[in-house]
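An overview of the molecular structure
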Amino acid sequence: MTNRNKRLLWQIPFLILLITGTILIIRQQHNMPYQKCAGTIFGTTYHITYQYDDDLQKELEAKMKEVDNALSMFNKESIISRVNDNQQVELNRMFLEVFQQAQKISEDTNGAFDITVGPLVNAWGFGFKNEQMPDKHAVDSLMAIVGYQKVRCDGKRIIKNDPRITLDCSAIAKGYGVDVVARLLEEKGISNYMVEIGGEVVTHGISEKRVPWKIGVTKPTDDPLQEGNELQTVLNLTDKAMATSGNYRNFYYKGKRKYAHTIDPKTGYPVQHSILSATVLTNHCMRADAYATAFMVMGFEGAKKVLERNPDLMAYIIYDDKGKMGVWYSPSLKDKIAK
């Protein structure tokens, strides 16, 4: 028997072992159940599906609670609430991660995204349901305490140009919460999962139907009483994060004029343009969440310019085309459209 044949004979058992191990792993993956959990967090609902042997709901909720303790304005003991009250508080990793990302996106969007805009949002009748229409003097006064350049981080402290400045991370915190949950699942070695918090989503791997995750984009409706569950399109969303922002159900009328809930931080007034909803896809839900909000402020052309200089971003934009509904999406998104 030649040396070559001897080597082949020695390799055969290893090949058999490798093939057998691969078959067992695949069979185990097929047999492993998909866990599902749901509940409320951040003033909204969450739904998480993941393939794992154990129920991780308590652990997942504990992690989301950490985000709430750092970034919720409705939690009086949260870090952001204490920052807004000008209390001495040490910033933790979660707060710093979101604050730093928010400032980068504010700079990239020329202030269209701005976590200091909350006082203007409230004054225009949203946020805390104050329906008092602000006049020009009120808007100008509030503009003095709005602007991302007026606040900075020094080590583990927030420095404000004016103590009246407040931070509101509601347009980025949900997306960050999704990322944090996904990170925990990854640490557990889980490769197939879907995390959704308040409409912001991240997916990885495949669904329990053994196909890519399919996530719907809601069709805009001008009726605030309508459930709004009719889908504009369905996207094959695998290994991506997705967030949507829209004006179409968050508005009110004063006289005969319609006011959108999206406020332009640079003017102090509600935006008036054709975009009805902006859906953004990228690798991290925090970025998708913030950029979707920014696109609602910037309008169609501004959003396109941001997309050009950020190749990791993809967008699906629904807009009002002279009374009809128009759709535009990034060319790179074409192969993800299921219907």
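Relevant structure appears above.
These lines cover the structure that appears in this document, whether it is placed above or below. Positions within a chain are numbered from 1, following the residues in the order the chain's sequence is written. Reporting of local features is limited, given that this is a predicted model, to residues whose pLDDT is at least 70; pairs of side-chain atoms are given and counted only at 80 or more, and all residues count toward the totals for whole chains, interfaces and linings. As a convention, hydrogens and water are excluded, and side-chain values are obtained from all of the structure's heavy atoms.

1. Observations concerning the packing of aromatic side chains
Here a Phe, Tyr or Trp ring, Trp counted by its six-membered ring, pairs with any other such ring whose centre lies within 6.5 Å, and the pair is stacked when the planes are under 30 degrees apart, edge-to-face when over 60, and tilted otherwise. Taken as a whole, this structure holds six aromatic pairs when the rule is applied. For the ring pair Tyr-316 and Tyr-329, a centre distance of 5.9 Å and an interplane angle of 0° mean the geometry is stacked. Placement of Tyr-316 in strand 13 (residues 314-321) and of Tyr-329 in strand 14 (residues 324-329) is noted, with a sequence separation of 13 residues between them. Here the aromatic residues Phe-300, Tyr-319 and Trp-328 are joined through ring pairs into a cluster of three or more. By definition here, charges over rings are those cases where NZ of Lys or CZ of Arg is within 6 Å of the ring centre and within 35 degrees of the ring normal. Over the ring of Phe-300 we find Lys-304, and its NZ or CZ is 4.6 Å from the ring centre. Numbering of helices and strands starts at the N terminus; helices are DSSP runs of H or I of at least 4 residues and strands are runs of E of at least 2.

2. Regarding the side chain of Ser-245
Relative to the helices and strands, Ser-245 resides in strand 9 (residues 241-246). Burial classes follow relative accessibility: with a 1.4 Å probe on protein chains only, a residue under 20% of its type's maximum area counts as buried, one over 50% as exposed, and anything between as partly exposed. Given a relative accessible area of 10%, Ser-245 falls into the buried group. In this analysis, two residues are considered to be in contact whenever any of their non-hydrogen atoms come within 4.5 Å of each other. In contact with Ser-245, other than residues within four places in its own chain, are Leu-276, Ser-277, Ala-278, Ala-292, Thr-293 and Met-296.

3. A look at the sheet that holds strand 2 (residues 44-51)
Where strands meet in a sheet, backbone hydrogen bonds hold them as pairs that are either parallel or antiparallel. If DSSP finds at least two bridges between two strands, the strands pair. Judged by pairing direction, the sheet is antiparallel, and its eight strands sit side by side in the order 1-2-5-6-9-12-13-14 without closing on themselves. Edge strands, defined here as strands with exactly one partner in the open sheet, are strand 1 (34-41) and strand 14. Strand-to-strand twist of the sheet, defined as the mean angle between neighbouring strand axes without regard to direction, takes the value 10°. In the sheet, strand 13 pairs with strand 14 via six bridges, with the strands oriented antiparallel. Among the inter-strand pairings, Tyr-319 is bridged to a residue of strand 14, identified as Gly-326. Sheet strands touched by helix 2 (residues 57-71): strand 1, strand 2 and strand 5 (193-197). Its angle to strand 2, the strand with the most contacts, is close to 135°. With axes taken as lines fitted to C-alpha atoms, and helix axes fitted only over the stretch in contact, angles between N-to-C directions fall between 0 and 180 degrees. Across the face of the sheet, helix 7 (residues 173-187) comes into contact with strand 2, strand 5 and strand 6 (200-204) while running at roughly 155° to strand 5.

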